[in-house]
Amino acid sequence: MMKPLGIYIHIPFCVRKCLYCDFLSMPAPETVRARYMEALGEEMAAEAARYRAYRVGTVFVGGGTPSVLSAAQLAGIFSCLRAHYAVEADAEITIEMNPGTVTEEKLAVCREAGVNRISLGLQSVDNRELRRIGRAHTWEDFLEAYRMCAAAGFANLNVDLISALPGQTRESWRRTLQTTVSLRPIPAHISAYSLIIEEDTPFYALYGPDSGGSAAAGVCPLPDEDTDRDMYADTGRILAAAGYGRYEISNYALPGRACRHNCMYWERGDYAGFGLGAASMTDNRRWSNVRDMAAYLSLPADRKKAEMHSLSLSEQMEETMFLGLRMTRGVSRERFAHIFDRDMDTVYGPVLERYAAMGMLESYGGHVRLTDRGIDVSNRILADFLLT
Ligand code: SF4
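As a starting point, this report considers the structure included with it. Since we're looking at a predicted model, the values are computed, not measured. (Residues numbered from 1 in each chain as written. Predicted model: local features only at pLDDT ≥ 70, side-chain atom pairs only at ≥ 80, totals over all residues.)

Examining the sheet that holds strand β13 (residues 331-332)
So, point 1. Ordered by their spatial adjacency, 3 strands build an open sheet running β13-β15-β14, and the pairing between neighbours is antiparallel. On the outer flanks of this sheet lie β13 and β14 (361-364), each paired with one strand and no other.
So, point 2. Pairing of β14 with strand β15 (residues 367-370) involves 4 bridges; the strand directions are antiparallel. Bridged to S363 within β15 is V368.
So, point 3. Set on the sheet, helix α14 (residues 344-357) makes contact with β14 and β15; between it and β14 the angle comes to about 120 degrees. (Pairing = 2+ DSSP bridges. Helix = DSSP H or I, 4+ residues; strand = E, 2+ residues; numbered from the N terminus. Contact = placed C-beta atoms within 7 Å. Axes fitted to C-alpha atoms, helices over the stretch in contact; angles between N-to-C directions.)

So, in structure tokens, the structure goes:
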């Protein structure tokens, strides 16, 4: 029997680098983009033999900003995909796009290629907030892109938002949420993350631990912790009132519109990643491609992998818990026992009991999940599921 597989295709190009971004992405001239697309196609073809026993249920073309590619380059990705991989007829096929890079021609190519889900980066409806975080687009650019996607027939649209931005108030965050749920057609899915100050970003120098505090640096301050928490609570309330269910810590969807590809990661399904720095995992072996562009372009198609790692049983159990508990449906005790041939309580009894007693974790219908209180401090709880 064919096994299920998710495919991730990384397009590491952006119009310019946002100030908070630590993703593997960069602006690049067309010559580099063209060479990259060639190398990517060769890698996908060379790796196909490894996945003969798989059928592809989800595809995610992410980045970066895949929509900086030309329509012909986008068409090339999908024809290569279909030439070498067994993509199911009802596969969820997502592409990430950013305002300012969407065209009718690109959307038509995507429709033709079977793309059925588009994820658009908005982050905020406030142009001052967008400017402060270095986004290359305005709210008006987003509106135009969103209307084009809808007009091209895409009904399954995700909008990415970020809270706790510099200078953002609770009121302006609420306005971002309210405006987003008032879009027509209503987005099927909303991802709402809280800004994280990552190392090696311009924001780290401004807001990181060595910045001396934003006031001293004379920059627009970040919301304080209490406001950040209030914003998170507002997110749940406003999106629930608009019909969105939270199915993961930061992800909300209309009924039946959860992202199947992301759920596959949280359930530890097998996936193949292609492109710069892309990670793959099958049969509990994980590997990732080189992260250096020159190396990626010059290495032979079947030798682009930098690291290979076989996951120990402890690592598999840890991942099952800390990825599974991100989802509001939690982790099935039966599934855990089936995979690992041991009871969840035998492995995690004390930590499950401790957090249950604190009202942060609960059992229901054979599952274990975080409560709303637990989700508020999920990072701390999930770290306690590490066994090593
Ligand atoms: S558009 Fe996305 S991937 Fe590109 S720089 Fe901005 S945050 Fe990073």
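This is not the end of the story, as more comes after the structure.
With respect to α14
So, point 1. When the terminal C-alpha atoms of α14 are compared, their 17 Å separation across 14 residues is substantially less than the 20 Å that a helix rising 1.5 Å per residue should span.
So, point 2. Along its length, α14 reaches its greatest deviation from straightness, about 55 degrees, at P350.
So, point 3. Among all positions of α14, only M344, V347, Y348 and Y355 are buried.
So, point 4. Residues of α14 that are buried in the fold lie against α12 (313-324), α13 (333-340), β14, β15, α15 (372-376) and α16 (378-383).
So, point 5. Residue G359 follows α14 closely and has a positive phi angle near 75 degrees. (Expected span 1.5 Å × (residues − 1). Bend = angle between axes of the 7 residues up to and from the residue. Buried ≥ 20, exposed ≤ 12 C-beta atoms within 10 Å, placed from the backbone.)

Quick word on the pairing of β15
So, point 1. Residues of β15 alternate between two faces, with V368 and L370 buried on one and H367 and R369 left unburied on the opposite face.
So, point 2. In the sheet, β13 pairs with β15 via 2 bridges, with the strands oriented antiparallel. Among the inter-strand pairings, V331 is bridged to a residue of β15, identified as V368.
So, point 3. Taken together, β14 and the strand that follows it, β15, pair antiparallel across an intervening segment of 2 residues, in which G365 is found at a positive phi of about 40 degrees.

Some remarks on helix α6 (residues 170-181)
So, point 1. Given a rise of 1.5 Å per residue, 12 residues ought to cover 16 Å, and the 17 Å separating the end C-alpha atoms of α6 matches this to within 8%.
So, point 2. All of the buried residues in α6 are W173, T176, L177 and T180. Projected onto a plane normal to the axis of α6, the buried residues spread over an arc of 90 degrees and lie on a single side.
So, point 3. Turning to α6, the residues buried within the fold contact β4 (117-123), β5 (157-163), β6 (189-194) and α9 (225-241). (Arc of directions from axis to C-beta.)

Quick notes on the pairing of strand β9 (residues 271-274)
So, point 1. Burial of β9 is two-sided: the residues Y271 and G273 facing one way and the residues A272 and F274 facing the other way are all buried.
So, point 2. Summarising the sheet, strand β1 (residues 3-11) and β9 pair through 4 bridges and their orientation is parallel. Counted as the bridge partner of I9 is F274 from β9.

Section: the environment of A75
So, point 1. Here A75 is to be found in helix α2 (residues 71-84).
So, point 2. Along the backbone, A75 and A113 are 38 residues apart, and their C-alpha atoms lie at a distance of 7.1 Å.
So, point 3. Setting aside anything within four residues of it in sequence, one finds A75 in contact with V109 and A113.

Description of the packing of helix α1 (residues 30-47) against α2
So, point 1. Put simply, α1 and α2 touch, their axes get as near as 9 Å, and they point 10 degrees apart. Comparing the axis directions of α1 and α2 gives the class roughly parallel. Facing α1, whose interface residues are M37, G41, M44 and A45, α2 presents Q73, G76, C80, L81 and H84.
So, point 2. Tallied by class, residues from the contact of α1 with α2 come to 5 nonpolar, 4 polar and no charged. (Parallel < 35°, antiparallel > 145°, perpendicular 65-115°, else oblique. Nonpolar A, V, L, I, M, F, W, Y, C, P; charged D, E, K, R; others polar.)

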